[in-house]
Amino acid sequence: MGILDNIIITDIETPIVVHSDKGRTCQMTDRKSYGLSLCISGQITYTMNGNSYISNQNNAILLPEGKTYSLYGDKEGLFPVVNFKCKNLNCDEIVIIPLENPQACIKDFETLKNLFLHNENRLKIYSAFYELLNKV
């Protein structure tokens, strides 16, 4: 059973695609929500509590709510991110999730982003996000 199997989504923010330059650094303090980050291109190294986590096209990254971490842009790229609130998720560290089909996950992200863009109803939005989580 995976870490995301039993979560109950309570809110989803508008999905975004973050452009990260090579050499970019950022400190996240007391993250306001959970985040699911994918990678279209490039590579980012996240550091939390002395541990490093690599975000690239083969891995999704689960970012924990309420935690502090830093990131470094190893290679310029594009990183789709969905920030969300939920119940039933016990996650105190960054989690790397290997992807079996990264392109299918990116396609689901695009579907989710388009639903927000066209102001679709919340049921469609939640359904699309659960579908993305299922693939992850």
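Numbers given for residues are sequential positions, taken from 1 along each chain in its written order. Totals for whole chains, interfaces and linings use all residues, but because this is a predicted model, local features are given only for residues with pLDDT of at least 70 and pairs of side-chain atoms are given and counted only at 80 or more. Computation of side-chain values: all heavy atoms of the structure, hydrogens and water removed.

### Some words on the packing of helix α1 (residues 102-117) against helix α2 (residues 122-135)
Worth spelling out the cut-off: Fitting a line to C-alpha atoms yields each axis, with helices limited to the stretch in contact; the angle taken between N-to-C directions then spans 0 to 180 degrees. Numbering of helices and strands runs from the N terminus; a helix is a DSSP stretch of H or I covering at least four residues, while a strand is a stretch of E covering at least two. Should an angle fall under 35 degrees it is called roughly parallel, over 145 degrees roughly antiparallel, and 65 to 115 degrees roughly perpendicular, with every other angle called oblique. Each crossing is labelled by how the near helix is turned from the far one, with a counterclockwise turn of less than a right angle marking it left-handed and a clockwise turn marking it right-handed. Residue contacts are counted whenever heavy atoms from the two residues lie within 4.5 Å of one another.
For the pair α1 and α2, interaxial distance at closest approach is 9 Å and the crossing angle is 165°. With respect to α2, the element α1 is oriented roughly antiparallel. Between α1 and α2 lies a crossing of left-handed hand. Side by side, α1 and α2 meet where Ala-104, Cys-105, Asp-108, Phe-109, Leu-112, Leu-115 and Phe-116 of the first sit next to Arg-122, Lys-124, Ile-125, Ala-128, Phe-129, Glu-131, Leu-132 and Lys-135 of the second.

### Focus on the nonpolar core
The test is simple: Take the buried Ala, Val, Leu, Ile, Met, Phe, Trp, Tyr and Cys residues and link them wherever side-chain atoms come within 4.5 Å; each set so joined is a nonpolar core. Buried residues are those whose accessible area, probed at 1.4 Å on protein chains only, stays under 20% of the maximum for their type, while exposed residues exceed 50% and partly exposed ones sit between those limits.
Membership of the largest hydrophobic core comes to 29 residues, with the highest contact counts inside it found for Ile-9, Phe-84, Phe-129 and Val-136. Within the residue set of this core, elements represented by two or more residues are β1 (8-12), β4 (34-37), β7 (59-63), β8 (69-87), α1 and α2. Those residues in contact with Val-136 that lie beyond four places of it in its chain are Leu-4, Leu-36, Ala-60, Ile-97, Pro-98, Leu-99 and Cys-105. Ranked by size, the runner-up nonpolar core spans 11 residues in total, among them Tyr-46, Leu-63, Tyr-69 and Phe-79.

### Observations concerning α2
In plain terms, the rule: What a helix should span is 1.5 Å times the count of its residues minus one. Working note: the arc is built from the helix axis to C-beta atom directions. As used in this structure description, the phrase polar contact means that two N or O atoms lie within 3.5 Å; if the pair is within protein, one of them must be able to donate a hydrogen and the other to accept it, and residues adjacent in sequence are counted only when both atoms belong to side chains.
Between the first and last C-alpha of α2 there are 20 Å, a value that for 14 residues agrees with the 20 Å anticipated at 1.5 Å per step. Those residues of α2 lying buried are Ile-125, Tyr-126, Ala-128, Phe-129, Leu-132 and Leu-133. Projected down its long axis, α2 carries its buried residues within an arc of 160°, all on one side. The exposed residues of α2 that point more than 90 degrees off its buried face are Leu-123 and Asn-134. Next to the buried residues of α2 lie β1, β4, β8 and α1. In this structure Asn-121 caps α2, since a side-chain oxygen of it lies 3.0 Å from the backbone nitrogen of Leu-123.

### Some words on the side chain of Asp-108
Following the sequence through the fold, Asp-108 ends up in helix α1. For Asp-108, a relative accessible area of 11% translates into the label buried. In this structure the side chain of Asp-108 is engaged in a polar contact, spanning 2.8 Å, whose partner is the side chain of Lys-135. Contact partners of Asp-108, with chain neighbours within four places excluded, come to Glu-131, Leu-132 and Lys-135.

### Section: α1
Look at α1: 23 Å from first C-alpha to last across 16 residues, which is about the 22 Å you get at 1.5 Å a residue. Every buried residue of α1 is listed here: Pro-102, Ala-104, Cys-105, Ile-106, Asp-108, Phe-109, Leu-112, Leu-115 and Phe-116. Of the surrounding secondary structure, the elements contacted by the buried residues of α1 are β1, β2 (16-20), β8 and α2. Following α1 by one or two positions, Asn-119 has its phi on the positive side, about 55°.

Limitation: the analysis is restricted to geometry and does not speak to function.
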